[in-house]
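What the coordinates show
Read off the chains here:
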Number of protein chains: 2
Amino acid sequence: MITGKNYVGSQLLAGGTKTYKTINPQWNIENPWTFTEASPEEIEQAIALADDAFKIYKNYPAAKKASFLNSIADEILELGDALLEIYCTESGFLKGRAESERGRTIFQLRSFANMLLEGSWLEATIDTAIPDRTPLPKEDLRKMLVPLGPVVVFGSSNFPFAFSTAGGDTASALAAGCPVIVKSHSMHIATGEMVASAVIKAAKKHQMPEGVFSNLIGSGTTLGTSLVKHPLVKAVGFTGSINGGRALFDLASQRPEPIPVFAEMGSINPVVILPEALEKNSKKWAAVYAGSITLGTGQFCTNPGLLLGIKGENLDQFSKELADEIEKIAPSCMLHPSIKADFNNGREKIRSQNGVTTVAEYKEETAPNYAQQTVLSVDGKTFLENTVLSHEVFGPFSIIVQCENLEELTAIINKLDGQLTGTIIAESAEISNYDTVISALQNRVGRLIFNGVPTGVEVCASMLHGGPYPASSDSRFTAVGIHAVKRWVRPFSYQNWPDELLPEALQNKNPLNINRTVNDVITNKPI
Amino acid sequence: MITGKNYVGSQLLAGGTKTYKTINPQWNIENPWTFTEASPEEIEQAIALADDAFKIYKNYPAAKKASFLNSIADEILELGDALLEIYCTESGFLKGRAESERGRTIFQLRSFANMLLEGSWLEATIDTAIPDRTPLPKEDLRKMLVPLGPVVVFGSSNFPFAFSTAGGDTASALAAGCPVIVKSHSMHIATGEMVASAVIKAAKKHQMPEGVFSNLIGSGTTLGTSLVKHPLVKAVGFTGSINGGRALFDLASQRPEPIPVFAEMGSINPVVILPEALEKNSKKWAAVYAGSITLGTGQFCTNPGLLLGIKGENLDQFSKELADEIEKIAPSCMLHPSIKADFNNGREKIRSQNGVTTVAEYKEETAPNYAQQTVLSVDGKTFLENTVLSHEVFGPFSIIVQCENLEELTAIINKLDGQLTGTIIAESAEISNYDTVISALQNRVGRLIFNGVPTGVEVCASMLHGGPYPASSDSRFTAVGIHAVKRWVRPFSYQNWPDELLPEALQNKNPLNINRTVNDVITNKPI
């Protein structure tokens, strides 16, 4: 049952006066539930509880935090099909996507639980004392990662499970030892409430301190602003638009005590298709590319919005083949009427620029919130001169840039904003001739892909999901994979500290049996 | 010979119109050299060269970068006593300090060279493909750290060697693969020029790309502002005042493309002396504390400016003993007349507050730039109510806060700004009774010290030199030890990338023979 209330810690509260409803984008109607936005007092209370909880939660043993994370996963599964149905109702996604995204969310929670049990993520580093060193003795020094404090997580629109209430940001922050306050994304508040109920249930089962998790509702910017500006909040995770992410980054940077914001923002994920690949395999790549553009109605951060090739017959042929593929894919539903409207407006803005032509477009009538996938084209010179053409259009959209030559193609890459990914499609024989292109692309992206597509973000330690600004607000961190935990921790040193008072990770006998760097050597041996 | 010019890459240029002179603080006179501040064209040229150099330097093998760093160390030593003399002339420090700081600088450069050769700092992480995974195959993913781009380093006033021209920030950035542009600290430009000449000599010997290092002169804020705002600059390192560091942080955050600033700023490094230690060992700790306050004329970021104890006879006794120690230490020279003036003003501002009394002060006449070390005292309630009393006074200064009880002491810690260090002085038997105090202190600092003093920052992997704001602008990084390199790098992923085109660190056969995390296991084995 959806209550429409805020979780302030484990309490369901609705003391506010503003209410809100979500949309069913498939049916284009309002959903039945009425949500009450968090009142200023509820926001304050959630933060105060999180701060109190931090003092306790940060000291819990790794195994206890791991059980909590696994238990959240269990409780989410326990919600069964009812959760998937609500997800579909609020997102317009179909059940298959709901299931796979839930699977990813569960996998993320369990990955962080495993990371906690394995223990090397703490980067425990020990330099033992050298009392007889001259001219001065060396003191014993031991360092490990410790949590920052309460973290605010902004749910994303396009991942109602995997990057929202109990998604990657929440899982990594809880793993770090930071209480989490979620600002539920306003497009899927019922989904958020159900997932939050699972988190709260797990927290109760594991006797977590009240306030280790809260889930607040707010449709405008008041809630987010209040959270980010609050002195007890110590870090922020966000997935969404450049404007939204930058606004939060600015708020956080301008605080008396600035705090880190990890915002994963826009990206057009350039794909470079090299001449031999175009000549030999254009049909194959056209099909693959069409699939990547339209996957999830194009609503992925890693959706390829820009294809760069050298102009000529082969690129023309590829464009025709891409058009054939694009036009036979059945359109699908977008997340919200406003997202559909933004898609249409963004696409038309680009289409209306000088020199832009339409390569492919699904032309038949669709349901109101369904997106008509579109591929446009322009020459390289025009693209270089008109910055509007590199704006992201969120949805199933891409622009093919026909470059005069390799120099122009490289110049375009060098002028691009930072991106999550860059892709090279090539025959093996030719790739070594394109050092300059690859090097330029590497400089602008967080992940480089060979003969594949950027969509489909594997959750593993080697994944980098982030990149130079504005792909993310700080390219030194990732939002996906266990290293995402590094956003919420700081290194901390103990000097000459009594062994029995050290955290277990740093004690001589290594009771956690974890890998540590002791006098510059990685070992799990005791000291 | 001091030329008074800027190093724009390897060229000595002085096209500017503004000139500047440094001071000999011991003699309180101007030094003979005339320095020409960098012109706007020279600034632009240094940055453009750094950007060009980045494209080449980032791809150099680790061994080549390591040789360059070791060669910088060799060339600094090669400058011999002439360098130490110039250092003393511009800083007011004596030769012993010059030698030990040079030793630290050399050690830092060689530590980063060793780190490069050892290779695990790259955090090479590999997840191999699982082509037959269902429902979707897993792609091969490989991640490592890559450099951000040109880094600007602001020389510090109080470490003319170790945190200036070729100090920790420069060494870590060059190790990362980032070209460096130094803004020479205006108090020791001749020292900076000599050290820069060593870097340039090493760069030439090792055929480094022109612009891998520049050293620019500027006395006001124009040079720093131009550097931090320039779109080709990708990160900033700074050691100095809160006002200075925050101004740079704000400039960098407000750029169209924000860039990271690691600013190591003020700290009063609270020391808590617990009751039994006061009772049993007050005389010993008074001597140790007096030494720490006055070391280097108190001009360390880690100088202990605040001592917290429970009021009573034992604390009174400690204060008397501290006074005896303080008054018998001969005063020493500060770095600059302006630093001496700031010291006097800061001390008098605190002394003039209600309830503040003088515990100890060196009273005899001194040379003009010599500091009269001073210890003041105030009760806990007054300290809590008056924020002026927790302002840093840079120099040999400390304030003893006589707390009513443990609650008041803890309340004071909780209200403190972020600090580099916190120290607990205690008898072993009593420390386990003070969990709350220790936990509160841990939350406010970057390094916790037991029965020692915060001065004397060991350069090793377990050191954390940084801390919650304003101790540093980002508590997630350290300025000291090899992990300081993490400020200048970002993780980068290759997906399905051909083995022969991967960087050596990620190739199957592991040609660098480094430790890597392969499918979640640390190993140096090939794949």
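Not measured: the values here are computed from a predicted model. (Residues numbered from 1 in each chain as written. Chains lettered and ligands numbered in written order. Predicted model: local features only at pLDDT ≥ 70, side-chain atom pairs only at ≥ 80, totals over all residues. Heavy atoms only, no water.)

1. Structural notes on the packing of helix α9 (residues 275-294) of chain A against helix α10 (residues 313-328) of chain A
Residue and element names in this part refer to chain A.
- Their axes nearest at 8 Å, the elements α9 and α10 cross at an angle of 35°. Relative to α10, the crossing made by α9 is right-handed. Residue-level inspection shows Leu278, Glu279, Ser282, Lys283, Trp285, Ala286, Ala287, Tyr289, Ala290, Ile293 and Thr294 of α9 in contact with α10, the latter providing Asn314, Leu315, Gln317, Phe318, Glu321, Leu322, Glu325 and Ile326.
- Class assignment of the residues belonging to the contact of α9 with α10 gives a composition of eleven nonpolar, four polar and four charged. (Axes fitted to C-alpha atoms, helices over the stretch in contact; angles between N-to-C directions. Helix = DSSP H or I, 4+ residues; strand = E, 2+ residues; numbered from the N terminus. Left-handed = near helix turned anticlockwise from the far one by under 90°. Contact = heavy atoms within 4.5 Å. Nonpolar A, V, L, I, M, F, W, Y, C, P; charged D, E, K, R; others polar.)

2. Here's the deal with the relation of the copies chain A and chain B
- For the pair chain A and chain B, the best superposition has an RMSD of 0.0 Å and corresponds to a rotation of 180° with a translation of 0.0 Å parallel to the axis. What the rotation and shift describe, once combined, is the action of a two-fold rotation axis. Proximity to the rotation axis, assessed at the C-alpha, singles out A:Ser253 in chain A; its C-alpha lies 3.3 Å from the axis.
- Take the interface residues of chain A: 100% of them recur as interface residues in chain B, which is what a same-surface contact looks like. (Least-squares fit on C-alpha atoms with pLDDT ≥ 70 in both.)

3. What about the pattern of salt bridges?
- Scanning the entire structure with this criterion turns up 55 salt bridges over all chains.
- The partner of A:Glu361 in a salt bridge is A:Arg351, with the nearest N and O atoms 2.8 Å apart. Taken as a pair, A:Glu361 in strand β16 (residues 357-361) and A:Arg351 in helix α11 (residues 337-351) lie far apart in primary sequence, ten residues in all. You'll find A:Glu361 and A:Arg351 in the same group, each marked buried.
- In this structure, a network of salt bridges that share partners links the residues A:Glu123, A:Lys486, B:Glu123 and B:Lys486. (Salt bridge = Lys/Arg side-chain N within 4 Å of Asp/Glu carboxyl O. Buried < 20%, exposed > 50% of the residue type's maximum accessible area, 1.4 Å probe, protein only.)

4. Some thoughts on the side chain of A:Thr297
All names here are of chain A.
- Inspection of the secondary structure assignment puts Thr297 in the loop between α9 and β15 (306-310).
- Of the residues examined, Thr297 reaches a relative accessible area of 4% and is grouped as buried.
- Of note is the side chain of Thr297, whose polar atom sits 3.0 Å from the backbone oxygen of Cys333.
- If sequence neighbours within four positions are ignored, Thr297 has contacts with Ser332, Cys333, Met334, Ala371, Gly395 and Pro396. (Polar contact = N/O pair within 3.5 Å; in protein donor to acceptor, adjacent residues only side chain to side chain.)

5. Re the domain arrangement of chain A
All names here are of chain A.
- Domain boundaries in chain A define domain 1 (6-265 + 476-487) and domain 2 (270-450).
- Between domain 1 and domain 2, roughly 1,300 Å² of surface is buried when both sides are summed, and carbon and sulfur atoms account for 61% of that area.
- Per-residue buried area on domain 1 facing domain 2 is highest for Pro25, Asn158 and Met187; these three make up 32% of the total on that side.
- Linking domain 1 with domain 2 are zero salt bridges.
- Remark: the boundary between domain 1 and domain 2 carries four residue pairs in polar contact (both at pLDDT 80 or more).
- For the side of domain 1 that touches domain 2, the per-class residue count stands at five nonpolar, seven polar and three charged. (Domains from an automatic or database assignment. Buried area = accessible area lost by both parts, 1.4 Å probe.)

6. Focus on the UniProt feature "domain: Aldehyde dehydrogenase" (unreviewed entry) in chain A
- Under the local residue numbering, the UniProt record ascribes the feature "domain: Aldehyde dehydrogenase" (unreviewed entry) to residues 17-459 of chain A.
- The span residues 17-459 of chain A shows a helical share of 45% and a strand share of 18%, and its end C-alpha atoms are spaced 40 Å apart. (UniProt positions renumbered as here; feature names shortened; annotations may be inferred.)

7. Remarks on the packing of aromatic side chains
- Scanning the entire structure with this criterion turns up 25 aromatic pairs over all chains.
- Measuring from centroid to centroid gives 6.1 Å for A:Tyr57 and A:Tyr60, while their planes differ by 75°, and the two rings are edge-to-face. Each member of the pair, A:Tyr57 together with A:Tyr60, is buried.
- Ring geometry for A:Phe159 and A:Phe163: centres 6.2 Å apart, planes at 75°, overall edge-to-face.
- Through a chain of ring-to-ring contacts, the aromatic side chains of A:Phe450, B:Phe492, B:Tyr494 and B:Trp497 assemble into a single cluster.
- The lysine or arginine in question, B:Lys65, covers the ring of B:Tyr57, its NZ or CZ lying 5.9 Å from the ring centre.
- Sitting over the ring of B:Phe159, B:Arg104 keeps its end group 5.2 Å from the ring centre. (Phe/Tyr/Trp six-rings, centres within 6.5 Å; stacked < 30°, edge-to-face > 60°. Lys NZ or Arg CZ within 6 Å of the ring centre and 35° of its normal.)

8. Quick look at the pairing of strand β21 (residues 489-495) of chain B
Residues and elements named next belong to chain B.
- For β21, the buried fraction is high: seven of the seven residues fall into the buried class.
- Taking every second residue as pointing to the same face, both faces of β21 are buried, with Val489, Pro491, Ser493 and Gln495 on one and Arg490, Phe492 and Tyr494 on the other.
- Two strands pair when backbone bridges link them, and strand β8 (residues 141-147) and β21 are joined in this way by seven bridges, in the antiparallel orientation. Looking at the pairing, Met144 lines up with Phe492 of β21. (Pairing = 2+ DSSP bridges.)

9. Re the nonpolar core
- Among the nonpolar cores identified, the biggest contains 220 residues, and A:Phe68, A:Ile72, A:Ile424, B:Phe68, B:Ile72 and B:Ile424 are the most heavily contacted of them.
- Ignoring sequence-local partners within four residues, the contact set of B:Ile424 consists of A:Trp497, B:Val272, B:Leu274, B:Ile431, B:Val437, B:Ile438, B:Leu441, B:Ile449, B:Phe450 and B:Asn451.
- Counting residues in each nonpolar core, the second largest holds 26 residues, with A:Phe163, B:Phe163, B:Phe300 and B:Val457 among its members. (Core = buried A, V, L, I, M, F, W, Y, C linked by side-chain atoms within 4.5 Å.)

10. Observations concerning helix α4 (residues 95-118) of chain A
- In a regular helix each residue adds 1.5 Å, so 24 residues correspond to 34 Å; α4(A) covers 34 Å between its end C-alpha atoms and thus fits that length.
- A:Gly119 lies just past α4(A) and shows a positive phi near 90°. (Expected span 1.5 Å × (residues − 1).)

11. Regarding the sheet that holds strand β20 (residues 445-450) of chain A
- Read across the sheet, twelve strands follow the order β16(A)-β17(A)-β18(A)-β15(A)-β14(A)-β19(A)-β20(A)-β21(B)-β8(B)-β7(B)-β22(B)-β23(B) without closing on themselves; strand pairing throughout is mixed. Among the strands making up the open sheet, the edge pair consists of β16 of chain A together with β23 (521-523) of chain B. Within the sheet, the average angular offset between the axes of one strand and its neighbour, ignoring direction, is 25°.
- Helix α15 (residues 435-444) of chain A rests against β14 (270-273), β19 (419-425) and β20 of chain A together with β8 and β21 of chain B of the sheet, and its axis sits at about 140° to β20(A).

12. Quick notes on the confidence of the model for chain A
- Looking at chain A, pLDDT values average 96 and 100% of them are 70 or higher.
- The ipTM value of the predicted complex is 0.97, and its pTM value is 0.97. (pLDDT = per-residue confidence, 0-100.)

13. Description of the environment of A:Leu223
All names here are of chain A.
- Within the element layout of this structure, Leu223 appears in helix α7 (residues 222-229).
- When its relative accessible area of 5% is taken as the criterion, Leu223 is described as buried.
- Along the primary structure Leu223 and Ala235 are separated by twelve residues, whereas in three dimensions their C-alpha atoms are 15 Å apart.
- The residues contacting Leu223, other than those within four sequence positions of it, are Ile43, Lys183, Leu216, Ile217 and Gly218.

14. Overview of unusual backbone geometry
- Backbone torsion omega between A:Tyr469 and A:Pro470 reads 5°, so that peptide bond is classified as cis.
- Summarising the element assignment, A:Pro470 is placed in the loop between β20 and β21 (489-495).
- Residues B:Thr134 and B:Pro135 are joined by a peptide bond in cis, for which omega reads 0°.
- Examined against the element boundaries, B:Pro135 turns out to sit in the loop between β7 (125-127) and β8.
- A positive phi angle, near 45°, is found at A:Asn451, a position not held by glycine.
- Mapped onto the fold, A:Asn451 is located in the loop between β20 and β21.
- Note on A:Asn451: relative accessible area 23%, which makes it partly exposed.
- Phi at B:Asn269 takes a positive value of approximately 45°, unusual for a residue other than glycine.
- Within the secondary structure layout, B:Asn269 lies in the loop between β13 (261-264) and β14 (270-273).

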